[in-house]
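Descriptive analysis of the structure
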Amino acid sequence: MKHILKRLLPLICLLSATPAVTANEIVDSLYNELEQAGTPQDSLNIMGNLFDVLPRLNATQMGWKIYDVAKRSENIPVALETIRNLANRSVRNDSILRDLYEKTLTFPESEERKETLTFIQLSRNMYYVMYASEKERDDRLHSALEKVTTEYPEDLHEQIILLHYICMMLAQSSIGDLLSSYLDQLGELIEQLPESAFSIRNAYYVYASRAYFDNDENEKAIKADLDLLDGIRGLEKFYQERGRKFRNYYASKYVIYNRLLSSFASLPPEDVEKYYKYAIKYTLLDDAANATYMETRSPDIYYALYKKDYAKALELLKKHVNVKENVFRKRSLMKYMIECADKVGDRETLLQASRDYNQLLEEYLNQRSKEKYRELQVIYDLHDIKNRNAELAKEKQSVEAKWQRIFIIISSIALFILIISVIFLFILYRKNRELAHTRADANKALMQESENLRRSRAELVRARDQAQKANTLKTDFIKNMSHEVTVPLQAINEYCKLLVDCSDATNKKYLEHFSNLVYLNSELLTTIVNDVLRLSEIESATMPIQRHVVHLNALCQTSIDSMRHRVGEGVEIKFIPSQPDIDIFTDPQRVQQILLNLLTNAAKFTEKGSITLSYATDETRSNILFSVTDTGIGIKPGNKEKIFERFVKLDGNTQGAGLGLTISRLIARMLGGDVILDTSYTAGARFILKLPKK
């Protein structure tokens, strides 16, 4: 360890001597620069740096802004680059990928446009593989293999998309040799792309290096990783030339060098030393890389094995072989553990490691056996396709010969008809001359009509552009107004609270009553502005959806606690779950928005009684049904759909803009569910929120 610290000491000193600048300070500085930017290009450079330093959600929103500015300023390279970055962040959302694909089609033909379209299709391939059922994957794989055999496309990019799709499908079944064969073919196609196609090349190398490594093809895995490093260097140069000083790939480089070190037995000594140095270097430069390193210590394990320091390697293996991050390489690590225990004479560890390794090896052999069986099935299907194609080719030849004979007969008949036709045409020629003058007049009239249509079309295009501009201005106006209204309202609330705090005891209760009224009305106005903003986000498809596992009891209780101050004195608000806590996979922020809208609605129309929030699963146990029940004035069944329309208020005297239920239903449908009114409940109103569990 001393020689490692000795080599890294200059770097550590350099880092410690550099003044610390927080991420927030960098973001604030960039936003200040953005306010001073004088041209769209200056703005794009600054916004690009913000995209690199902001948190993921904020960076995605900034990416859409970059695209809008680049599109309006006709900066096509930046617009297409931003589309690729957004596609890379949206692999789990096919609707966004489709939208990005349609946007790319609006740009003129170019190599970069082809690269962007291909990259989006590769991302969609990953989406199909992740979310398709096993049967769907088998059907699609069979269809793709048949297309390779019978309808192989001529365009290079279409070939890459098709072979990438097959490789992704095969990888789900862990088919080793067949997958490797198609990966090799895909790699040959990738090499034909221009050197500037970094996104497609890197997408292939990231996938290929891991697949080759898992298939124990170390030489191919090493080459793919080295090619990937070259691609990353190209990207670094690309972004450095454009002033993207915060763009880095430290975490990716750490993963690559660590994977290269795992093949230390196949590497020259100087490469092992170099890769180990780089792996340790990037743990000092990147928090994510350092966290992975401290959890697994993989570089140290491989380096100790390379140095034949079996005692140190065994000590590290005992601590880290069973961590979650090492699950994919546990079999090879257990093999190294047996070797180290044997070398140092640790019989107890040797015995236990041998038992564990034998169990892993048995599981691995069973898995490989299944893979081979699956591979034979696919190969059989391929041979079946080829045999059917051969039979079809023979049938085609037979049919072609038959049609040739028919063609000769038809040609003879046609020749006779042609002679008759020539005579007939000569007669018609004279009549056509008489019609020529009439046709000339008609042509003039048609040309005039064509000119009129051209003018009408130009006017329609101008009207369309004006409408698009107006829509953009509307969106920007709503966002700006949200900020401009929210900040003063916050200031009003703070000053009201300050007035109450600074008043004497005799006036404090009196002023506190009016301060609460100001706060509630400010909160109402903020809600109205936020509703308009959310509706704008939904219409422009910019509302982000971030799904993960959610505990429903905590989510519902938080919603109830957030509403207690808005409920009248004679109303009880409570949460009653119909069954124990349930975990679902959804966006908790969006679900809470819906619940708060429904609870707010209930609070408006309930002067006494209770408001109850509960949930349960449906009969299929695949959906969660939330219910918000009140004892208020209720809603007539005839209005069950009208209340979900925009700006509809059944009682004009109530507060709000009439958007809460509209937004709730739109968000629910974005999450794969819906919001409905339960007309069977007559003691007030009951709204049902239906959401899928997964």
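Overview of the structure. No experiment lies behind these values; they were computed from the predicted model shown.

Right, let's get into the overall build of the protein chain. On a plain count of helices and strands, the protein chain comes out with 23 helices and seven strands. Considering the protein chain as a whole, with its 694 residues, one finds that 39% of them fall into the buried category. Considering only contacts within the protein chain whose residues lie at least 6 apart along the sequence, 66% involve residues at least 24 apart. Surface accessibility of the protein chain: about 40800 Å² in total, with carbon and sulfur atoms responsible for 54%.

So, about the environment of Gln546. Mapped onto the fold, Gln546 is located in the loop between helix H20 (505–539) and strand E1 (548–551). Measuring from C-alpha to C-alpha, the distance between Gln546 and Asp587 comes to 5.2 Å, with 41 residues separating the pair along the chain.

As a further point, take the pairing of strand E3 (residues 583–586). Only one face of E3 is buried: it carries Ile584 and Thr586, and the other face, with Asp583 and Phe585, is open. The sheet contact formed by E1 and E3 spans four bridges and is antiparallel. Considered in E3, the bridge of Val550 is made with Ile584.

As enumerated under the stated definition, the model contains 29 salt bridges in all. In this structure, Asp346 engages Lys318 in a salt bridge whose closest nitrogen and oxygen atoms are separated by 2.9 Å. Residue Asp346 is located in the loop between helix H18 (330–344) and helix H19 (347–502), and its partner Lys318 is located in helix H17 (residues 310–320); the two are separated by 28 residues in the primary sequence. What makes Asp346 partly exposed here is its relative accessible area of 21%.

Closest axis-to-axis distance for the helix H12 (residues 218–241)/helix H13 (residues 250–261) pair is 10 Å, and the angle between their directions is 160°. It follows from the interaxial angle that H12 and H13 lie roughly antiparallel. For the element pair H12 and H13, the recorded crossing hand is left-handed. Within the contact between the two elements, H12 uses Ile222, Asp225, Leu226, Leu228, Leu229, Ile232, Arg233 and Glu236 and H13 uses Ser252, Lys253, Ile256, Tyr257, Arg259 and Leu260. Each residue belonging to the contact of H12 with H13 can be placed in one class, and the counts come to eight nonpolar, one polar and five charged.

With that settled, the discussion passes to the sheet that holds strand E6 (residues 674–677). The strand order across the open sheet formed by five strands is E2-E4-E5-E7-E6, and the pairing between neighbours is mixed. At either margin of the open sheet sits one strand with a lone partner, and together these are strand E2 (571–575) and E6. On average, each strand axis in the sheet is inclined to that of its neighbour by 15°, with strand direction left out of account. Pairing of strand E4 (residues 609–617) with strand E5 (residues 623–630), which is carried by seven bridges, proceeds in the antiparallel orientation. Bridge pairing links Tyr615 to Phe626 in E5. Here helix H21 (residues 552–563) sits on the sheet and contacts E2, E4 and E5; the angle it forms with E2, its principal contact strand, is near 160°.

A separate point is unusual backbone geometry. Phi is positive for Arg297, close to 55°, though the residue is something other than glycine. Along the chain, Arg297 turns up in the loop between helix H15 (287–296) and helix H16 (298–306). Classification of Arg297 by relative accessible area gives buried; the value is 18%. A positive phi angle, close to 60°, is found at Arg621, a residue other than glycine. Looking at the secondary structure, you find Arg621 in the loop between E4 and E5.

Membership of the largest hydrophobic core comes to 81 residues, with the highest contact counts inside it found for Ile160, Ile166, Tyr182, Leu183, Ile190, Tyr204 and Leu305. Among the elements that take part in this core, helix H9 (residues 156–172) stands out by supplying 11 residues, more than any other. Ile190 has contacts with Ile160, Ile200, Arg201, Tyr204 and Tyr205, leaving out every residue within four places of it along the chain. Counting residues in hydrophobic clusters, the runner-up holds 41 residues, among them Val550, Ala602, Val628 and Ile643.

Definitions and cut-offs
- Residues numbered from 1 in each chain as written.
- Predicted model: local features only at pLDDT ≥ 70, side-chain atom pairs only at ≥ 80, totals over all residues.
- Heavy atoms only, no water.
- Helix = DSSP H or I, 4+ residues; strand = E, 2+ residues; numbered from the N terminus.
- Buried < 20%, exposed > 50% of the residue type's maximum accessible area, 1.4 Å probe, protein only.
- Contact = heavy atoms within 4.5 Å.
- Areas by Shrake-Rupley, 256 points an atom, 1.4 Å probe, with all protein chains shown as cover.
- Pairing = 2+ DSSP bridges.
- Salt bridge = Lys/Arg side-chain N within 4 Å of Asp/Glu carboxyl O.
- Axes fitted to C-alpha atoms, helices over the stretch in contact; angles between N-to-C directions.
- Parallel < 35°, antiparallel > 145°, perpendicular 65-115°, else oblique.
- Left-handed = near helix turned anticlockwise from the far one by under 90°.
- Nonpolar A, V, L, I, M, F, W, Y, C, P; charged D, E, K, R; others polar.
- Core = buried A, V, L, I, M, F, W, Y, C linked by side-chain atoms within 4.5 Å.

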